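One letter stands for each residue in the lines below.
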Amino acid sequence: MGNRTFAMIKPDATRNGHTGKILDRTIQAGFKVLGAKLIRMTKAQAEGFYAVHRERPFFEELTTFMSSGQTMVLALEKENAVAAWRETIGATNPAEADEGTIRKDFATSLGENAVHGADSDENANIEIGFWFTGSELISNQ
Ligand code: ATP
Ligand code: MG
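This text gives an overview of the structure that appears in the document. (Residues numbered from 1 in each chain as written. Chains lettered and ligands numbered in written order. Predicted model: local features only at pLDDT ≥ 70, side-chain atom pairs only at ≥ 80, totals over all residues. Heavy atoms only, no water.)

1. Description of the overall build of the chain
Reasoning step 1: A tally of helices and strands in the chain yields seven helices and four strands.
Reasoning step 2: Secondary structure elements of the chain, listed N to C terminal, follow the sequence β-α-α-β-α-α-β-α-α-β-α.
Reasoning step 3: Against the globule reference of 14 Å for 141 residues, the chain gives a C-alpha radius of gyration of 14 Å, in line with a compact fold.
Reasoning step 4: In terms of overall dimensions, the chain has C-alpha extents of about 40 × 35 × 25 Å along its principal axes.
Reasoning step 5: In the chain, which comprises 141 residues, the share counted as buried stands at 43%.
Reasoning step 6: A sequence separation of at least 24 residues applies to 77% of the contacts in the chain between residues at least 6 apart. (Helix = DSSP H or I, 4+ residues; strand = E, 2+ residues; numbered from the N terminus. Rg over C-alpha atoms; globule rule 2.2 N^0.38 Å. Buried < 20%, exposed > 50% of the residue type's maximum accessible area, 1.4 Å probe, protein only. Contact = heavy atoms within 4.5 Å.)

Below you can see the structure in the form of structure tokens.
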């Protein structure tokens, strides 16, 4: 299992003032932040990032939402990071998310669900590379 994952604090959460609380929960859950930056995705970047979903009915809604405001992109480190982060954020639909998860506490809806988490080690590396150069990933050792 890899020790890195890629996460985002999505525009609903940044807009609703939850960035600091989500970052605090992330660090308290044992993740080390290797990279962090505030971006505003273009529609084209959102379409590229979510290309795997391009045939899905929600693709237009998703890419419009993801380009609607500020997103914080994060490269995170922890043992078994991909699975650990998905456990920390909870189910895609906040109505189905477990108590104590980030989506349970901060997501608004299925479409505007506060945070993103990579779904495999391979995609985590691809997604980190989408937003960060190697020199932007910094260990605190
Ligand atoms: P993410 O990739 O954002 O961490 P996920 O892996 O839990 O979420 P995916 O299936 O990859 O879920 O869907 C990507 C994103 O698309 C979801 O987080 C959600 O914002 C949006 N989405 C998924 N299904 C729907 C839907 N039925 N209607 C609207 N938006 C949806
Ligand atoms: Mg996904």
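2. Topic: the site of ligand 1
Reasoning step 1: Inspection of the region around ligand 1 gives 14 residues, with Lys-10, His-53, Thr-92, Asn-113 and Gly-117 positioned closest.
Reasoning step 2: One of the side-chain N or O atoms of His-116 is found 3.0 Å from an oxygen atom in ligand 1.
Reasoning step 3: If ligand 1 stood free it would expose 580 Å²; the protein chains cover 81% of that surface.
Reasoning step 4: Given that more than half its atoms are within 2 Å of the pocket grid, ligand 1 belongs to the largest pocket.
Reasoning step 5: Those elements giving two or more residues to the shell around ligand 1 turn out to be helix 4 (59–66) and strand 4 (115–117). (Near = heavy atom within 4 Å. Polar contact = N/O pair within 3.5 Å; in protein donor to acceptor, adjacent residues only side chain to side chain. Areas by Shrake-Rupley, 256 points an atom, 1.4 Å probe, with all protein chains shown as cover. 1 Å grid on protein atoms, 1.4 Å probe; cavity = no way out; pocket = protein on both sides within 12 Å on 5 of 7 lines; lining within 4 Å. Sits in = over half its atoms within 2 Å of the grid points.)

3. Some remarks on the sheet that holds strand 2 (residues 32–39)
Reasoning step 1: Spatially, the four strands line up as an open sheet ordered 2-3-1-4, and their pairing is antiparallel. At either margin of the open sheet sits one strand with a lone partner, and together these are strand 2 and strand 4. Here the strands of the sheet are splayed against their neighbours by 20 degrees on average, with no regard to which way each runs.
Reasoning step 2: In terms of strand pairing, strand 1 (residues 4–9) meets strand 3 (residues 71–77) through six bridges, oriented antiparallel. Residue pairing in the sheet places Met-8 in a bridge with Val-73 of strand 3.
Reasoning step 3: Along the sheet face, helix 2 (residues 19–28) touches strand 1, strand 2, strand 3 and strand 4 and points at about 5 degrees away from the line of strand 3.
Reasoning step 4: Each of strand 1, strand 3 and strand 4 touches helix 5 (residues 81–89); the most contacted strand, strand 1, lies at about 30 degrees to it. (Pairing = 2+ DSSP bridges. Axes fitted to C-alpha atoms, helices over the stretch in contact; angles between N-to-C directions.)

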